[in-house]
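Residue-level structure breakdown
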Amino acid sequence: MADSCLTIKELTDAVGSDITPRMVRHYHQLGLMPQPERSPGNYRLYTDQDVQRLQRIVALKQQGFQLSHIHKLLEAEPEVEQATLMAQLQQQYRTIIGQIAQLRQTASALEGLLGRDRHCQTTQAEVLAQLKLLEVETQTGLGGLEKLWCGLDAQVHAHPEAFQESLKRLLPDLSDRSEIEVNLLSKLVLASGDVSLVPFVRLGNQALAASRTAFKSGCLVVVDVLTVSTAIDQTRLAHLGCPMQTLIDNPHITSAAEAEQAFWQNHAWKNRLHQLPVGCVIVIGYAPSVLLAVCEAIHQRILRPALVIGLPIGFSHAPAAKRKLMQSGIPFITVEGTLGGGLLAATVLNALVESLIEKPDCHCYLGK
């Protein structure tokens, strides 16, 4: 064996990303990594090709691919038609969506218990006690379970829902986040009805500080379509002296697909982007190509916004546009992947503006 061969520890050190020898051995068992040659002392020895393959595995895993998907991607023979590989991945995708649906059902059931406020706690305790006895009654069907939920739901007519109480039980640990960021995340959860959104929210390049500085200066706020502007608290914006402008100002455009096509067909809107003033705040909740154009203009130093709130909708362009935004060097707030929408984009802006007006001297976000 050549002197350049690496031990398993040297392999993991070369790849980094918290890869451990135990994980490499697991990849050998799954067939993801080929079995290496052995030294006279029976130690595994790795080559530069092994380093490259492990780096590919790590990179694909970080993008969200499961190990079974990675195995198919790396092992597909050149003669295998792309359509065959895509069909295999599509089937795996459907399986995962089914698993997500089952997990969503489980989460909904737990939310139905944990999300109850103090007015429902007595009934909640009774339901929890009765759930323990449910197993002996299962032969009679699910009628008993339905009665339990009806009993728990009977209290909802007696008082308004206490959202903050529910959030305290359901949100993940956010003790390392600033008060302003926690408020923002809470509002996004309430706007979407989805607690699982939290891990995908990304704030970068001192976004909170940049937003407060921009709003204090009376910056221009630019939204991609009129539907987003209708969800923005324009009264609070006016209080701060911040004018608002709509990029695609066609009132008949009400969907992401329409906004996407309109932006491509009318170059005047792209030209309008290039004329936006330094220090503006850009809010995109529909068209991914608008965000892509914004990122390109930033890269070319044509556009220099104070903050970009980028939450376009889409399954190919939107995730790509968000990745470009996170690499732009500009303060940003986004949600990774396909999640997004005009309501969420407007919710982010409204939360930032509200926190500035209600707590103008708050500096809890500094150093976070």
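Residues numbered from 1 in each chain as written. Predicted model: local features only at pLDDT ≥ 70, side-chain atom pairs only at ≥ 80, totals over all residues. Heavy atoms only, no water.

**Details of the pattern of salt bridges**
We count it as follows: One side-chain nitrogen of Lys or Arg within 4 Å of one carboxyl oxygen of Asp or Glu is enough to make a salt bridge. Relative accessible area decides the class of each residue, using a 1.4 Å probe on protein chains only: under 20% of the type maximum gives buried, over 50% gives exposed, and in between gives partly exposed. Helix and strand assignments follow DSSP, with helices taken as H or I runs no shorter than four residues and strands as E runs no shorter than two, numbered in order from the N terminus.
One pass over the structure, following the stated rule, counts nine salt bridges. With its nearest N and O atoms 2.9 Å apart, the salt bridge here joins R236 to D233. Since its relative accessible area comes to 24%, D233 is described here as partly exposed. One salt bridge connects D249 with R272, and the closest N-O pair in it is separated by 3.4 Å. Residue D249 is located in the loop between β5 (244-248) and α13 (256-265), and its partner R272 is located in helix α14 (residues 267-274); the two are separated by 23 residues in the primary sequence. Owing to a relative accessible area of 25%, R272 belongs among the partly exposed residues under this scheme. Bridged by salt links that share partners, the residues D176, R177 and E181 form one connected network.

**With respect to the nonpolar core**
One recurring pattern in soluble globular proteins is that nonpolar side chains are buried together. Put simply, the rule is: In these notes, a set of buried Ala, Val, Leu, Ile, Met, Phe, Trp, Tyr and Cys residues joined through side-chain atoms within 4.5 Å is what counts as a nonpolar core. Residues count as neighbours in contact if any of their non-hydrogen atoms are within 4.5 Å of one another.
One finds F215, V221, I248, V281, V283, V294 and L349 to be the most contacted residues of the largest nonpolar core, which totals 73 residues. Among the elements that line this core, the one with the most residues is helix α17 (residues 342-358), at nine residues. Non-local contacts of I248, meaning those with residues more than four positions away in its chain, are made with D224, V225, L226, I253, A259, A262, F263, W269 and V290.

**Description of the confidence of the model for the protein**
Cut-off, in case you're wondering: As a per-residue quantity, pLDDT reports the predictor's confidence and falls between 0 and 100.
Scored by pLDDT, the protein comes out at a mean of 81, with 80% of its residues at no less than 70. Counting contacts from residues 136-142, a segment whose pLDDT is below 50, to residues more than four positions away or on other chains yields zero contacts.

**What to know about unusual backbone geometry**
We note that Q206 has phi near 55°; this positive angle belongs to a residue other than glycine. With respect to the element layout, Q206 can be found in the loop between β3 (201-204) and α10 (207-216). Unusually for a residue other than glycine, R301 sits at a positive phi of about 65°. Within the fold, R301 resides in the loop between α15 (288-299) and β7 (307-310). R301 sits in the exposed class, given a relative accessible area of 75%.

**Topic: the side chain of K322**
Heads up, the condition is: Here a polar contact is taken to be a pair of N or O atoms separated by no more than 3.5 Å, where protein atoms must pair a possible hydrogen donor with a possible acceptor and residues adjacent in sequence count only if both atoms sit in side chains.
Structurally, the position occupied by K322 is in helix α16 (residues 317-326). Among the polar contacts made by the side chain of K322, one reaches the main-chain carbonyl oxygen of V335 at a distance of 2.9 Å. Beyond its immediate sequence surroundings of up to four residues, K322 is in contact with L291, G310, L311, P312, T334, V335, G337, T338, L339 and G340.

**What about the layout of surface pockets?**
Put simply, the rule reads: Each cavity reported here is a set of points on a 1 Å grid over the protein atoms alone in which a 1.4 Å probe fits but cannot get out, each pocket an open set with protein on both sides within 12 Å along at least five of seven lines, and each lining residue one with an atom within 4 Å of a point. Grid points are joined across faces, edges and corners, and a volume is the space filled by probe spheres set on the points. Side-chain classes are defined by residue name, with Ala, Val, Leu, Ile, Met, Phe, Trp, Tyr, Cys and Pro counting as nonpolar, Asp, Glu, Lys and Arg as charged, and the others, Gly among them, as polar.
The computed volume of the largest pocket comes to approximately 1600 Å³. Taken together, 32 residues line the largest pocket, and the ones lying closest to its centre are Q63, G64, Y93, G337 and T338. Looking at the lining of the largest pocket, the elements that each hand over two or more residues are α5 (82-114) and α16. For the lining of the largest pocket, the per-class residue count stands at 15 nonpolar, eleven polar and six charged.

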